[in-house]
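Listed here are the chains, written in short residue letters.
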Amino acid sequence: MIKNNKKFHKIPIINISSLFNNSSIKKTNSVINQIHDAVKEYGFFIVTNHGIDLSLLNSIENLSNKFFALNNNIKLSLSPNRWNKSNTNIYRGYFPSSVNGKEGIDIGDPQITKSMIKLCNKLEKNTNIDHLIPMWSKIIDKYYEKNFNLGIILFKSILKNYNLNDKFFIQAFKRPYTLSTLRFNYYPKQEKPVEISKTDGVALGCETHVDSGIFTILYQDKKGGLQIQHRKLDTWINVPYRKNSLIINTGLALEYLTGSHFKATNHRVLFNKSKRLSIPFFFEPSYYFQLDP
């Protein structure tokens, strides 16, 4: 049986301010080494002083709460074709809680235009709902941009030892051609678990999984409940809530890109009868980028 040995392992907390200012090379390299070690051992780490103001984090959380407070019929009108046959979107839009115990909305790059959609059928234009929630577009635009820029900085840090030139990063991540997605997740007061863990019998509010992209930048509310599985030890570790911090975890695309040097990590959310909000940003490469080890 997997041991729930949360006490003896803690997710690394890294102050990344030196990646944004003119810090000494020694200090910057120290932070980069911390990131590398955290990704190598855990696949997860927490960042502070990440360049996204607390006021913007509060704004995006309030925006998310306002969205989920909308009438269900209104939210379903924003669903992709799977749940609303009158819409053409396949990937972006609202999904109901019947999917996996949580409801949410997937938001693509706000800079995508209708003319660009002809280039790639996975690019979709977001629906403007400023008439439903004032300031929606302005806050989404700003938060998306901040997360994307943070993603570039972290990606360069993680792959610093690969000696890649700037041309690589321009090709791999060029807005608005990436498939990066901002998501609002809302866990309602669940009456029963989504599943019971096969490893330790714990009730779960979100199934055990790994993310598919390069990595995820996550903001979670005070409810917490997120856990990761240590790769080498039979233990699950709590990922705590920390004010004005963000959680970073790597995905399968980065694992493939680095020849399994950085592996994706199993994670899950514990079953909790109280409401919970999480806001992940899935950092993805450009649709035309050839993902090769």
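Every value quoted in this text rests on a predicted model; they were computed, and no experiment measured them. (Residues numbered from 1 in each chain as written. Predicted model: local features only at pLDDT ≥ 70, side-chain atom pairs only at ≥ 80, totals over all residues. Heavy atoms only, no water.)

Some points on the overall build of the protein chain
- Scanning the protein chain from terminus to terminus reveals seven helices and 13 strands.
- Computed over C-alpha atoms, the radius of gyration of the protein chain comes to 19 Å, within 12% of the 19 Å expected from 2.2 N^0.38 for 293 residues, which places it in the range of a compact globule.
- Oriented by its inertia axes, the alpha-carbon framework of the protein chain measures out at about 55 × 45 × 35 Å.
- Considering the protein chain as a whole, with its 293 residues, one finds that 49% of them fall into the buried category.
- Within the protein chain, residue pairs in contact and separated by at least 24 positions form 78% of the contacts whose partners lie at least 6 positions apart.
- Within the protein chain, one finds 40 positive and 22 negative side-chain charges whose respective centroids are separated by 3 Å. (Helix = DSSP H or I, 4+ residues; strand = E, 2+ residues; numbered from the N terminus. Rg over C-alpha atoms; globule rule 2.2 N^0.38 Å. Buried < 20%, exposed > 50% of the residue type's maximum accessible area, 1.4 Å probe, protein only. Contact = heavy atoms within 4.5 Å. Lys, Arg positive; Asp, Glu negative; His and termini not counted. Charge placed at Lys NZ, Arg CZ, Asp CG, Glu CD.)

Looking at the pairing of strand β13 (residues 276-283)
- Of all eight residues in β13, eight are buried; the element is thus mostly enclosed.
- Taking every second residue as pointing to the same face, both faces of β13 are buried, with R276, S278, P280 and F282 on one and L277, I279, F281 and F283 on the other.
- Across six bridges, the pairing between strand β8 (residues 215-220) and β13 is antiparallel. When the bridges of β13 are listed, Q220 appears paired with S278. (Pairing = 2+ DSSP bridges.)

Digging into the pattern of salt bridges
- Applying the stated criterion to the full structure yields four salt bridges.
- We note a salt bridge from D106 to R183, for which the minimum N-O separation is 2.5 Å. Here D106 is found in strand β4 (residues 103-107), whereas its partner R183 is found in strand β5 (residues 181-187), with 77 residues between them in sequence.
- For R183, a relative accessible area of 21% translates into the label partly exposed.
- A salt bridge links D109 to R175; the nearest nitrogen and oxygen atoms lie 2.7 Å apart. Of this pair, D109 sits in the loop between β4 and α4 (114-117) while R175 is found in the loop between α6 (166-172) and β5, placing the two residues 66 residues apart along the sequence. Residues D109 and R175 agree in their burial class; the two are buried. (Salt bridge = Lys/Arg side-chain N within 4 Å of Asp/Glu carboxyl O.)

Some points on the confidence of the model for the protein chain
- The share of residues in the protein chain with pLDDT of 70 or more is 97%, and the mean pLDDT across the chain is 88.
- Predicted confidence for residues 1-7 stays below pLDDT 50, and this span has 24 contacts to residues more than four positions away or in other chains. (pLDDT = per-residue confidence, 0-100.)

Focus on the packing of helix α1 (residues 25-41) against helix α5 (residues 136-158)
- Where α1 meets α5, the axes come as close as 9 Å, and the angle between the chain directions of the two elements is 80°. The angle between the axes of α1 and α5 places the two elements in the roughly perpendicular class. Along its contact with α1, which presents I32, I35 and V39, the element α5 presents L154, S157 and I158.
- The residue makeup of the contact of α1 with α5, split by class, is five nonpolar, one polar and no charged. (Axes fitted to C-alpha atoms, helices over the stretch in contact; angles between N-to-C directions. Parallel < 35°, antiparallel > 145°, perpendicular 65-115°, else oblique. Nonpolar A, V, L, I, M, F, W, Y, C, P; charged D, E, K, R; others polar.)

Examining the environment of E41
- Tracing the sequence through the fold places E41 in helix α1.
- Note: C-alpha distance between E41 and P12 (29 residues apart in sequence) is 9.9 Å.
- Beyond its immediate stretch of four places on either side in the chain, E41 contacts H230 and R231.

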